[in-house]
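Residue-level structure breakdown
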Amino acid sequence: MIRRPFTVFIASLVFVSSLAQADGAAVAVPSPTLETIMADPAWIGSPPQNPFWSVDGKAVYYSARRKDSALVDLHRVDLADGKDSVVDGAAMAASDGTDAVYDLAGTRAAFARNGDIFVRDLRNGALTQVTRTPERESAPQFSADGRRLSFRAGNDWFVHDLASHVTAPAAVLKSEKDPDAKPADDDLRDFQLRTFSTLARLKDEKEARRTHAEELRRADPTRAAAPFFLGEEVKVLDTELSPDARFLLVVTMAKKHDEGRHGELTRYVTESGYEEFEKERVRVGRNAPAPQSLQLLDLVAHKAYPLALDALPGIHDDPLKSVREENARQDQAKAAGKSAAEKSDARTKDKADAAKPRGVRIVSSAEDGGGGGIAWSRDGQALAIQLRAIDNKDRWIATVDLAAHRLVPQHRLTDPAWINWNFNEFGFLDDNRTLWYESEETGYAHLYTKAANGKASALTGGRFEVSRPQLSTDGRWFYLRANAEAPYAYDVYRVPASGGKLERVTHYKGMQDFALSHDGRQLLVTHSASYVPAQLAIVEADGSGSPRELGDTRSAAFAGMTWLAPEIVEVPSTHFKGVIFAKLYKPAGTDKSAKHPAVIFVHGAGYLQNVHLQYPAYFREQMFHNLLVQKGYVVIDMDYRGSEGYGREWRTAIYRQMGHPELEDLLDGKKYLVDHYNVDPKRVGIYGGSYGGFMTLMALFRAPGEFAAGAALRPVTDWMQYNHEYTSNILNTPQDDPIAYKRSSPIEFAAGLRDPLLICHGVIDDNVLFEDSMRLYWRLIELHKDNFTISPYPLDRHGFTNADAWLDEYKRIDKLFETNLESAH
């Protein structure tokens, strides 16, 4: 990788150099073309991925793609001399791994590398390999006394004695019946034992042998743990071991739960030459996710305790009752056709459902990469669990009374729409008793602390969001990511863990991520700008001094090109009191005597922020917008309602009405362009992918004549075809809330199509299924529409990876706009 000295750029700058330095010589850089923009992004450079500190804080590791290759190398930057070297196979044996943990004395660090566990002695640098197995071990943790190291392989936990080097299972879990369990009451069995003394004697001898064997096992510290029999009806989903290896929390579900029917995805272009098939995900509402249960295992006493949910406030509520009633009122004809017995049965079922506790889920380690919804204190004496209602209207944080084996509610977050899937970090302060957590309860995500029997205290507050809190090793500071300056500007801030003033640490405005060094003195910061992909820097943790940039990974060709910096504007809303933030791309010295064509780009995901000062996920689209501006277009890219970064009310404005508030915002964006930049209202196009494709369809179908043409890329056309996790949050389920699905699905409004439509979709898309576009395609045929086309891409999924597909797609989009927007009609 070429690493050049790096100069910090901010989004307001325009890169004007047409010459780049390569090996000391000036090289002419051609203007970008569509072919260049849509090529393999390796031409832009090899930005660092997954950076992390070495355990001694003297080096930084990161991964990067090799030049002109799909291979990815691990790099190590020595901070003493700045040397960046590739870690080859031989050097890998001595390298560190990610997510290192430290003992309380700070003398040893443990980490996982290539699925094995290692310990490094920080006093002399010696590295000890703890495991070498085909299993993937992870999540190492030291006991508070530093004598033991535990780690997991899947849902199995192991404890390694650092003195004897003996490793043993912390617990053995079996989803089976206990063969020694007392049989169920049986009159015949009782008669047999009462009548036949030999049977009674044999039974007593068997019990005596079992009891004796168990006594020997308990008294012998060299013996493996006895198994826990959880029952043949349960499936283990997750486990979390206390650092002192005394307790194991087990998350289970019913083994026989049927998640619903899976479809099949067809691959047509294959190496074998035959069609090949993949299992598709389950559609929303086909079957509700399985409720989860909790068991606390005392590994010393060898006893299991179920943790009941009844103490959770609101667990018996029915937050969807009013939704179901509204839908019932809308379906009078169907209700009138029911018999009296059917109506009685339905009322009985509603009462029964309301009487039962709502099902809950716990975010597992497998879902979030470790820990998830379970947090142990460092000393293993306190346990907190984050539970979410399956209907996602409530989130609870509860501690566990380890002596009484019961949940103790500490915090409830309720949202009549849905609980955000972000901003759910939580844990314990270094006193091992005080909780910290994030909550949107004020309307914005902020950080709180709470003693187990006390009131919560807000550490941050205001009309901005904080995320990714990291507690310093000494427990004094929380470091976090926040957009306190403006919704679009992100930096590292810190706040005292005991409460106090929020302090700004970095001033990039395009800060993406950070990691605090173990000694708490420095931050490893990932930052970027509009046309500068992710770069690494070392920053003093107190914000003093200047950042130390670790190089510039852009290619000379990309760095030397001229790009138009987007202008961040505030679009006044005609539908609510406020503004919509947007990126504006316009020609320099716009000729206001002539009408201009315009394009509205609609970002995907729905809950995503694209109006910011970082390198965008839509970097190709941003470069495409430069080409459009060169041709005289004005382009706007809006963070419509539902986007990330603007608080809870902005996020949930689309609840039960996806595509409606967003369309109002997009139409306000069009009005803004017409009013301020002399845009021809008859020559405005729209395009976007995924959620942006969905919104393109809603715009063309529900506001015919407003847009001269649109390109819907990999669009959702019917929300009943999408997945459960995302869709049921916003629209509930089709069974509970058919109204929301009907008002939110483009296929319901397809008759409104008047303007040219291009649909592009990857055939092997396993996120938004290709069937979505094919179903809409046939619906438009049935409606006798003749102004639409579809372009399938047989070798691409939701996120295209083939440069040929990217180029073909954008050539078609470019042609669509050229045909319908570039000349007055």
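Please refer to the structure placed before this passage.
Summary of the structure given here. This is a predicted model, so every value here is computed, not measured.

A look at the overall build of the chain
Across its full length, the chain holds 17 helices and 47 strands. The principal-axis extent of the C-alpha atoms belonging to the chain is close to 105 × 80 × 60 Å. In the chain, which comprises 825 residues, the proportion classed as buried is 51%. In the chain, the share of contacts with a sequence separation of at least 24, taken over all contacts with a separation of at least 6, comes to 60%. When the accessible surface of the chain is totalled, it reaches about 37700 Å², and 51% of it is carbon and sulfur. When the 100 basic and 115 acidic side-chain charges of the chain are each reduced to a single mean position, those positions are 2 Å apart.

A word on the packing of helix α3 (residues 187–195) against helix α4 (residues 197–219)
Packed helices, taken two at a time, are described by the angle between their axes plus the distance between the axes. Where α3 contacts α4, the axes come no closer than 5 Å and their chain directions differ by 100 degrees. By the angle between their directions, the pair α3 and α4 is classed as roughly perpendicular. Residues Gln192, Leu193 and Thr195 of α3 form the contact with α4, whose participating residues are Ser197, Leu199, Ala200 and Lys203. Residues that form the contact of α3 with α4 fall into these classes: three nonpolar, three polar and one charged.

Remarks on a negative patch on the surface
Taken together, the side chains of Asp185, Asp186, Asp187 and Asp190 define an acidic patch exposed on the protein surface. With respect to the helices and strands, the residue Asp185 is situated in the loop between β15 (172–174) and α3. Its relative accessible area of 75% is what places Asp185 among the exposed residues.

Things to note about the side chain of Asn610
Within the element layout of this structure, Asn610 appears in the loop between β42 (596–602) and α10 (619–630). Once residues within four sequence positions are removed from consideration, Asn610 is found in contact with Lys583, Phe601, His603, Pro616, Tyr618, Asp637 and Asp639.

Section: unusual backbone geometry
Most peptide bonds adopt trans geometry, and most residues besides glycine take a negative phi value. If you check the backbone angles, Asn432 has positive phi at about 70 degrees while not being a glycine. If you check the backbone angles, Asn678 has positive phi at about 55 degrees while not being a glycine. Structurally, Asn678 is set in the loop between α12 (661–677) and β44 (679–689). With relative accessibility at 16%, the residue Asn678 sits in the buried group.

Topic: the packing of aromatic side chains
Here the structure, examined in full by the defined rule, presents 35 aromatic pairs. Between the aromatic rings of Tyr615 and Phe619, the centroid separation amounts to 5.6 Å while the plane-to-plane angle is 20 degrees, which identifies the pairing as stacked. Residue class for Tyr615 comes out buried when judged on its relative accessible area of 16%. Residue class for Phe619 comes out buried when judged on its relative accessible area of 15%. A centroid spacing of 5.1 Å and a plane angle of 75 degrees characterise the contact between Phe694 and Trp719, whose relative ring orientation is edge-to-face. Of the two residues, Phe694 is situated in helix α13 (residues 691–702) and Trp719 in the loop between β45 (709–713) and α14 (724–731); the sequence distance between them amounts to 25 residues.

Reading guide: rules and limits
- Residues numbered from 1 in each chain as written.
- Predicted model: local features only at pLDDT ≥ 70, side-chain atom pairs only at ≥ 80, totals over all residues.
- Heavy atoms only, no water.
- Helix = DSSP H or I, 4+ residues; strand = E, 2+ residues; numbered from the N terminus.
- Buried < 20%, exposed > 50% of the residue type's maximum accessible area, 1.4 Å probe, protein only.
- Contact = heavy atoms within 4.5 Å.
- Areas by Shrake-Rupley, 256 points an atom, 1.4 Å probe, with all protein chains shown as cover.
- Lys, Arg positive; Asp, Glu negative; His and termini not counted.
- Charge placed at Lys NZ, Arg CZ, Asp CG, Glu CD.
- Axes fitted to C-alpha atoms, helices over the stretch in contact; angles between N-to-C directions.
- Parallel < 35°, antiparallel > 145°, perpendicular 65-115°, else oblique.
- Nonpolar A, V, L, I, M, F, W, Y, C, P; charged D, E, K, R; others polar.
- Patch = residues over 30% accessible without salt bridge, like charges linked within 9 Å, V, L, I, M, F, W, Y side chains within 5 Å.
- Salt bridge = Lys/Arg side-chain N within 4 Å of Asp/Glu carboxyl O.
- Phe/Tyr/Trp six-rings, centres within 6.5 Å; stacked < 30°, edge-to-face > 60°.

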